[in-house]
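The lines below spell out each chain.
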Amino acid sequence: MKVSERKIKLSANEFDEITLENSNGIRISFLSYGGIITRIEVPDHQGKLENIVLAYENYEDYLSNPGYLGSIIGRTAGRIKNGYFTIDGRRYNLAKNYGENSGHGGAKGFDKYVYNYEISEAENRIDVDLSRVSPHMEEGYPGELYVKVTYSLSEDDTFIIQYSGVSSEDTLFNMTNHSYFNLSGSFDESIKYHELFIDADHYSEIDESKTPTGNLIEVADTPFDFRYMREIGEEMNSEDEQLKIANGYDHAFLFRNNTGTKIRLAHRYSGRVMEIETDNQAVVVYTQNFSQGQIIQGGSTLEPYRSVALEVQKPPVGSNEVFKECSLLPSNHTQVTSTIFRFFTEDSE
Ligand code: BGC
């Protein structure tokens with residue numbers, strides 16, 4: 001196992017980029033700014049290492065990063081309808097940075113802060129703890145929250161993200177990582193031909209503002225049925241109203257109560273496979289339905305549907321505070337959740 005650090009100057013700021021590498025050559029890089037994952041390099045079936053997460057050509061773009069590439073998202077991932085919630089009858093108002101809603105932690109979410117970090121090395125694994133204190137009422141959320149996100153790479157080709165939080169008052173806490181994947185190693189290739197499995201019988205219906213309505217819809221006989229491996233694009237252009245609202249998939253899938261693999265993403269040609277296990281209850285699948293014309297690693301301009309964000313989290317808070325209970329963090333109680341990504345290759349017949 002290897003770890004290296006380098007300084008990166010972005011405008012007037014200096015950040016660190018940390019790179020972890022295991023003996024199989026799997027390499028993961030991230031910034032102390034927003035915990036942004038800038039690179040995950042994994043081998044294809046011939047051993048060729050390529051980056052599988054969407055990244056900017058120019059690091060300066062990470063400062064604004066409107067699409068949240070690779071970022072830590074907090075305190076709450078997803079949209080909160082009308083930008084408010086209540087705890088014990090008290091109303092808390094948040095910034096409305098997604099139209100009439102609040103999204104991904106507000107105007108300055110956890111993706112826009114610098115984290116302290118600490119590296120610990122064991123024989124088969126390296127852990128990096130990224131931490132910060134989010135003050136009471138930051139972005140309108142109550143309680144001083146100590147948050148720690150641990151990135152761990154192991155010799156067995158797993159990458160683990162662990163989220164831990166403890167707050168001085170009852171608050172909302174629902175973090176994720178916003179990496180966009182394309183296992184082909186090229187972001188000039190559409191994501192529609194990747195195959196996907198999600199262990200979910202239901203998904204969360206969204207309204208016109210892409211906020212959960214509170215209705216859970218059965219995936220059976222809909223384009224949302226990924227209970228068996230199939231191409232993401234297979235039914236993406238169907239007449240389904242829910243797909244039309246979002247221009248593609250941008251929905252929370254609620255996992256069944258099974259242990260084991262919750263998500264599997266595979267790219268036949270390269271043979272790359274990524275499997276995800278987690279104790280979180282949901283994943284928001286976002287097929288990158290838009291592009292802000294970003295210049296991405298390699299120099300090309302990003303087109304829509306070139307990647308998929310798999311935002312493993314608790315179900316996002318929706319209309320009438322639906323699913324709020326899932327994100328409630330009681331005061332002085334440490335909560336830990338984790339998501340395990342496993343990388344391997346599989347030869348197609
Ligand atoms: C949201 C999308 C949004 C994107 C970029 C995703 O997590 O679900 O609706 O466009 O992030 O902000």
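The following refers to the structure shown. (Residues numbered from 1 in each chain as written. Predicted model: local features only at pLDDT ≥ 70, side-chain atom pairs only at ≥ 80, totals over all residues. Heavy atoms only, no water.)

A word on the layout of surface pockets. Within this model, the largest pocket holds a volume of roughly 480 Å³. Contributing to the lining of the largest pocket are 30 residues, with Arg79, Tyr98, His104, Asp250 and Tyr286 lying nearest its centre. When contributions to the lining of the largest pocket are tallied by element, the ones reaching two or more residues are strand E19 (200–206), strand E22 (250–255), strand E25 (282–286) and strand E26 (308–313). The biggest single contributor to the lining of the largest pocket is E22, with three residues. Residues that form the lining of the largest pocket fall into these classes: 14 nonpolar, twelve polar and four charged. (1 Å grid on protein atoms, 1.4 Å probe; cavity = no way out; pocket = protein on both sides within 12 Å on 5 of 7 lines; lining within 4 Å. Points joined across faces, edges and corners; volume = space filled by probe spheres on them. Helix = DSSP H or I, 4+ residues; strand = E, 2+ residues; numbered from the N terminus. Nonpolar A, V, L, I, M, F, W, Y, C, P; charged D, E, K, R; others polar.)

Summed over the entire model, instances satisfying the criterion amount to 16 aromatic pairs. An aromatic cluster of three or more residues is present, and its members are Phe30, Tyr151, Phe159, Phe181 and Phe341. The residue whose ring lies beneath Arg132 is Tyr113, and the NZ or CZ to ring-centre distance is 3.7 Å. (Phe/Tyr/Trp six-rings, centres within 6.5 Å; stacked < 30°, edge-to-face > 60°. Lys NZ or Arg CZ within 6 Å of the ring centre and 35° of its normal.)

Our focus in this paragraph is the sheet that holds strand E21 (residues 230–231). With respect to topology, nine strands assemble into an open sheet ordered E11-E12-E13-E14-E28-E24-E23-E18-E21, the strand pairing being antiparallel. Looking along the sheet, the strands with just one partner apiece sit at the ends: strand E11 (116–121) and E21. The pairing of strand E12 (residues 125–134) with strand E13 (residues 145–154) spans ten bridges and is antiparallel. Considered in E13, the bridge of Asp127 is made with Ser152. (Pairing = 2+ DSSP bridges.)

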